[in-house]
Amino acid sequence: DVQPVFNRIVETAARLLRCDLVFVHICDGATLSPAALASPQGLLADLGPTHLPIDPDLNFPARAIVDKKMLHLPDWSRIDMPEHERNIRDMFGVNSALYLPLLREDECIGLLTLVGKRANIFGAAEIAQAESFRDQALIAIENARLFNETKEALAQQTATSEVLGVISSSPGDLAPVFTSILDNATRICQAKFGTLFLRQGEALRVAAHHGSLTKAWDEQWRVGTVLQPDTELQAFQTFAAHQPIQVLDLSKAPSYLARNPKAVNSVEVGGIRTMRTVPVLKDDEAIGVITIFRTEVSEFTDKQIALVSNFAAQAVIAIENARLLSELRESLEQQTATAEVLKVISSSPGDLKPVFEAMLEYAVRICGAKFGNIYRFEDKSLHLVAAHNTPPALAEGRHNTPGTFGYFPRCWRQKEACRWR
C-alpha cells in the first residue's frame, strides 16, 4: 500500500525542508493526479484537481514530466510563465518550486513537487534531501508493483491449479470443470458474468455460465440455451476469427447501434458494457467461446486476456479427456458384451434362444436403444425369434404374423445395414 508512504514523504518533506506545500502526483501517461499533499501543519485532505493534462505549454509540472529531469524554479518573479502558473502564484503566493519526476525505466510514473512562498528556499542541500524523498517514493511504488504482480501471478497459478485439480478429480464430467473455469476467470478478471459456449453445428450452445446480472438476463441464458448464428455478434466473430475480441463499450458498438436484438438485450437487460470473448481452440479448430462481461466501461488487460485463453486451453483438455474416457468405456463395454455373448454360445450348444436373448440385451443397452428384435428369414418371410423390451402388443403381433414387414427387404437384398432416422 503506497498511500501511507506517500503521506509520510510529503509530511516529512514539508517539515524538514520548510516548504509550504509538497505534492506527490501519479502519471498515467496522459494525465496527472495528486496522490498526497501536505503543508508544514500536516496532511491536507483536499488534494486538488485530478487528471490534469500533461501539456508543457500549460504548466511547469508537465515540463518536468516530458523532459524527464528535475526542474528548479528558484524565483518565479524572474521568469515568464503561463497564465495557469501565474494564477497559482497569485492564489497561493508561490515564489519558488522544485519538480522531481519519478522515473522507472525511462518512463515518468509520477512527480514530487515542493513549493514555497519565499524565493530561493531550495539550495544544494535541500535539493539533495528532496531527491532522497523522491527515491523513497519510487521504492514504495516499485515495491507495491512487484508485490501486486507477485500476488496476481500467485492468484493465476492457484486458479490454474484449481481447474486442473477439478479436471483430474472429475474424469468424464465436464460440468464441474466448466463451472470452475468460469468461476476463476470472472473472479480474477473482476468480471460480473461469464459464459462458456460450445459448438453445436453452426450454432453455439451455453455449456456453463457463472454470475448474475439481472433475473431476466439469467433466465435467458440458462445452460442448454442455443445461440443461432449471427455475424453481428461478438461470440460468432471470435469463433470465426479464432482470435480474442474486446468491446470496450457495448452501448456504442455497431451491433447495438443497429439494434441487433441480442446486443440490445445485453445492454438494456443485462446492463453489459465491456465484454471480452476468447475462442476455445482444438488443433486450430474453434469448438467454443468463453465470454466475460463487466457492467462498467473498463478494459480487460492483456494479462487477463492471456489468463482466459489459458482457461480455454484447459477446457479443451477436459473435453478431450472426457472423449477419450468415453471411448475407453465404450470399447471396454463392447468387449465385455462380446465376451458375455461368446460365453453364452459356449454354454448353450445347439440352443439359439439364450444366445439371441443375450445378443439383444447387450445390443440394446450399448446402443442406447428402447428395444430390439431378432428375425430369421425362412420360407421367403421373416420370423421373430427373440425380443428384448419390445412392447408386448408389437411382439405378439410379430410372432403371429410372420412376413416381410415392409421396410426390411432392402436389408437382406443389399446385404448391408440400414438405418431410418
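This text gives an overview of the structure that appears in the document. (Residues numbered from 1 in each chain as written. Predicted model: local features only at pLDDT ≥ 70, side-chain atom pairs only at ≥ 80, totals over all residues. Heavy atoms only, no water.)

## Topic: the sheet that holds strand 10 (residues 226–227)
On the basis of which strands lie adjacent, the open sheet formed by six strands has the order 10-9-8-13-12-11 and antiparallel pairing. Looking along the sheet, the strands with just one partner apiece sit at the ends: strand 10 and strand 11 (245–247). Strand direction decides the pairing type here: strand 8 (residues 193–200) and strand 9 (residues 203–211), joined by eight bridges, are antiparallel. In the sheet register, Leu 196 faces strand 9, and the bridge partner there is Ala 208. (Pairing = 2+ DSSP bridges. Helix = DSSP H or I, 4+ residues; strand = E, 2+ residues; numbered from the N terminus.)

## Things to note about the environment of Arg 273
For Arg 273, the location among the structural elements is in the loop between helix 9 (261–268) and strand 12 (274–282). When the C-alpha atoms of Arg 273 and Leu 248 are compared, they prove to be 6.9 Å apart, with 25 residues separating the residues in sequence. Not counting residues up to four positions away in its chain, the partners in contact with Arg 273 are Val 247, Leu 248, Asp 249, Leu 250, Ser 251, Val 267, Arg 294, Thr 295, Glu 296 and Val 297. (Contact = heavy atoms within 4.5 Å.)

## What about the pattern of salt bridges?
Considering all chains together, one arrives at nine salt bridges under this definition. For Lys 282, the salt bridge is made with Asp 283, and the minimal N-O distance between the two is 3.4 Å. In this structure, Glu 357 engages Lys 353 in a salt bridge whose closest nitrogen and oxygen atoms are separated by 2.9 Å. In this pair, Glu 357 and Lys 353 both sit in helix 11 (residues 352–367), four residues apart, roughly one turn of the helix. On the basis of relative accessible area, Glu 357 is assigned to the partly exposed category, the value being 34%. The network of salt bridges with common partners includes Lys 282, Asp 283 and Glu 320. (Salt bridge = Lys/Arg side-chain N within 4 Å of Asp/Glu carboxyl O. Buried < 20%, exposed > 50% of the residue type's maximum accessible area, 1.4 Å probe, protein only.)

## Some words on helix 1 (residues 3–16)
In a regular helix each residue adds 1.5 Å, so 14 residues correspond to 20 Å; helix 1 covers 20 Å between its end C-alpha atoms and thus fits that length. Listed as buried for helix 1 are Phe 6, Ile 9, Val 10, Thr 12, Ala 13 and Ala 14. The positive-phi residue at the C-terminal boundary of helix 1 is Arg 18, with phi of around 55°. (Expected span 1.5 Å × (residues − 1).)

## Let's talk about the side chain of Asp 75
With respect to the secondary-structure elements, Asp 75 resides in the loop between strand 5 (71–73) and helix 3 (83–92). Look at Asp 75 and you get buried, because its relative accessible area is 14%. If near-sequence neighbours (up to four positions away) are discounted, Asp 75 is found in contact with Asn 95 and Ala 119.

## Quick notes on the pairing of strand 8
Counting buried positions along strand 8 yields six of eight residues, so the element is predominantly enclosed. Judged from the six bridges that link them, strand 8 and strand 13 (residues 285–294) form a sheet pairing that is antiparallel. Residue Phe 197 lies in a different strand from strand 13, and its bridge partner there is Val 289. If you look at the hairpin formed by strand 8 and strand 9, you'll find two residues sitting between the two strands, and Gly 201 has a positive phi there, around 65°.

## With respect to the packing of aromatic side chains
Within the structure shown, the criterion is met by five aromatic pairs. With centroids separated by 6.0 Å and ring planes inclined at 85°, the aromatic side chains of Trp 217 and Phe 293 adopt a geometry described as edge-to-face. Taken together, the residues Trp 217 in helix 6 (residues 215–220) and Phe 293 in strand 13 connect sequence positions 76 residues apart. Among the residues examined, Phe 293 registers a relative accessible area of 6% and is labelled buried. (Phe/Tyr/Trp six-rings, centres within 6.5 Å; stacked < 30°, edge-to-face > 60°.)

## Quick word on the side chain of Thr 274
By the element assignment, Thr 274 lies in strand 12. At a separation of 2.5 Å, a polar atom in the side chain of Thr 274 contacts the main-chain carbonyl oxygen of Leu 248. From its side chain, Thr 274 meets the backbone oxygen of Glu 296 in a polar contact 3.3 Å long. When near neighbours in sequence (up to four residues on either side) are disregarded, Thr 274 contacts Gln 246, Val 247, Leu 248, Ile 292, Phe 293, Arg 294, Glu 296, Val 297, Ser 298, Glu 299 and Phe 300. (Polar contact = N/O pair within 3.5 Å; in protein donor to acceptor, adjacent residues only side chain to side chain.)

## Brief notes about the pairing of strand 1 (residues 21–27)
Within strand 1, six of the seven residues are buried, which leaves it mostly tucked inside the rest of the structure. Relative to strand 7 (residues 107–116), strand 1 runs antiparallel, the two being bridged by six bridges. Looking at the pairing, Leu 21 lines up with Val 115 of strand 7. In this structure, strand 1 lies alongside strand 2 (residues 31–39), joined through six bridges in antiparallel fashion. Residue pairing in the sheet places Ile 26 in a bridge with Ser 33 of strand 2. Where strand 1 folds back onto strand 2 in an antiparallel hairpin, the turn is made up of three residues, including Gly 29, whose phi is positive at roughly 105°.

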